[in-house]
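In case you want the letters, here they are:
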Amino acid sequence: AAGVIQSPRHLIKEKRETATLKCYPIPRHDTVYWYQQGPGQDPQFLISFYEKMQSDKGSIPDRFSAQQFSDYHSELNMSSLELGDSALYFCASSAPGQGQETQYFGPGTRLLVL
Amino acid sequence: TQLLEQSPQFLSIQEGENLTVYCNSSSVFSSLQWYRQEPGEGPVLLVTVVTGGEVKKLKRLTFQFGDARKDSSLHITAAQPGDTGLYLCAGGTTGANSKLTFGKGITLSVRP
């Protein structure tokens, strides 16, 4: 079965640079969620999109923005990167009417800020 | 703020033993999901429970959602080294597209 696809899988950036993370949800899933997981931490919710509109916002810094496109893929844009942004970034997707809370996670993007 | 407490935080057992771990909260969740995560990989969904008192089985894993939908347990029978990993519980709230609130996770090590 198709899973959530994230790219790139690994990313190394310098401080103050920008990064763009991409997420391709499971086909026919209309909702995308972004989570950040620091070393030894549990995933923390950043932001979600439903039908291309932002549906919920968590602890996402103002330096980050995200959007969902017409093909339902999503991009997380990160600017003015800081050392503390180094983390695993996960995208999850869920299907309409399927018990909305069931989320399927991608393999993640490991971001290292030097 | 809804919090999920998972216990124990770390567990090391011998292959073949049984174990039960817990996920507790003072808040009510509309659903609770259990994930297993390998280092550097994404959480893999094991089960979603939505009805108070619900019990679901996945091979040697048995999941139960508390009657009040505030807590859940995961029981593993005859643990195998392949069960080693981080087990995360996550609670979802009512409403469309609700975010998940995760517990800190339980690190399980099964020794051959």
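Rules behind the numbers
- Residues numbered from 1 in each chain as written.
- Chains lettered and ligands numbered in written order.
- Predicted model: local features only at pLDDT ≥ 70, side-chain atom pairs only at ≥ 80, totals over all residues.
- Heavy atoms only, no water.
- Contact = heavy atoms within 4.5 Å.
- Salt bridge = Lys/Arg side-chain N within 4 Å of Asp/Glu carboxyl O.
- Polar contact = N/O pair within 3.5 Å; in protein donor to acceptor, adjacent residues only side chain to side chain.
- Helix = DSSP H or I, 4+ residues; strand = E, 2+ residues; numbered from the N terminus.
- Nonpolar A, V, L, I, M, F, W, Y, C, P; charged D, E, K, R; others polar.
- Buried < 20%, exposed > 50% of the residue type's maximum accessible area, 1.4 Å probe, protein only.

Participant: When you look at the interface of chain A and chain B in this model, what are you seeing that I'm missing?
Facilitator: In many reports, interface size means the accessible area that the parts give up when they come together. Taken together, the contacts link 24 residues of chain A with 24 residues of chain B. Summed over the shared surface of chain A and chain B, the number is three salt bridges. Between A:Asp56 and B:Lys99 there is a salt bridge whose closest N-O contact spans 3.8 Å. Where chain A touches chain B, the interface holds six residue pairs in polar contact (both at pLDDT 80 or more). Those elements giving two or more residues to the side of chain A that touches chain B turn out to be strand E4 (31–37), strand E5 (44–50), strand E6 (53–57), strand E9 (87–94) and strand E10 (104–105) of chain A. Sorting elements by how many residues they give to the side of chain A that touches chain B places E4(A) first, with four residues. By residue class, the composition of the side of chain A that touches chain B is ten nonpolar, nine polar and five charged.

Participant: What should I look at first to understand the side chain of A:Asp85 in this one?
Facilitator: All names here are of chain A. In this structure, Asp-85 sits in the loop between strand E8 (74–78) and E9. A residue is classified by how much of its surface remains accessible, and Asp-85, at 4% relative accessible area, is buried. Here Asp-85 is in contact with Gln-36, Arg-63, Phe-64, Ser-80, Leu-111 and Val-113, once residues within four sequence places are set aside.

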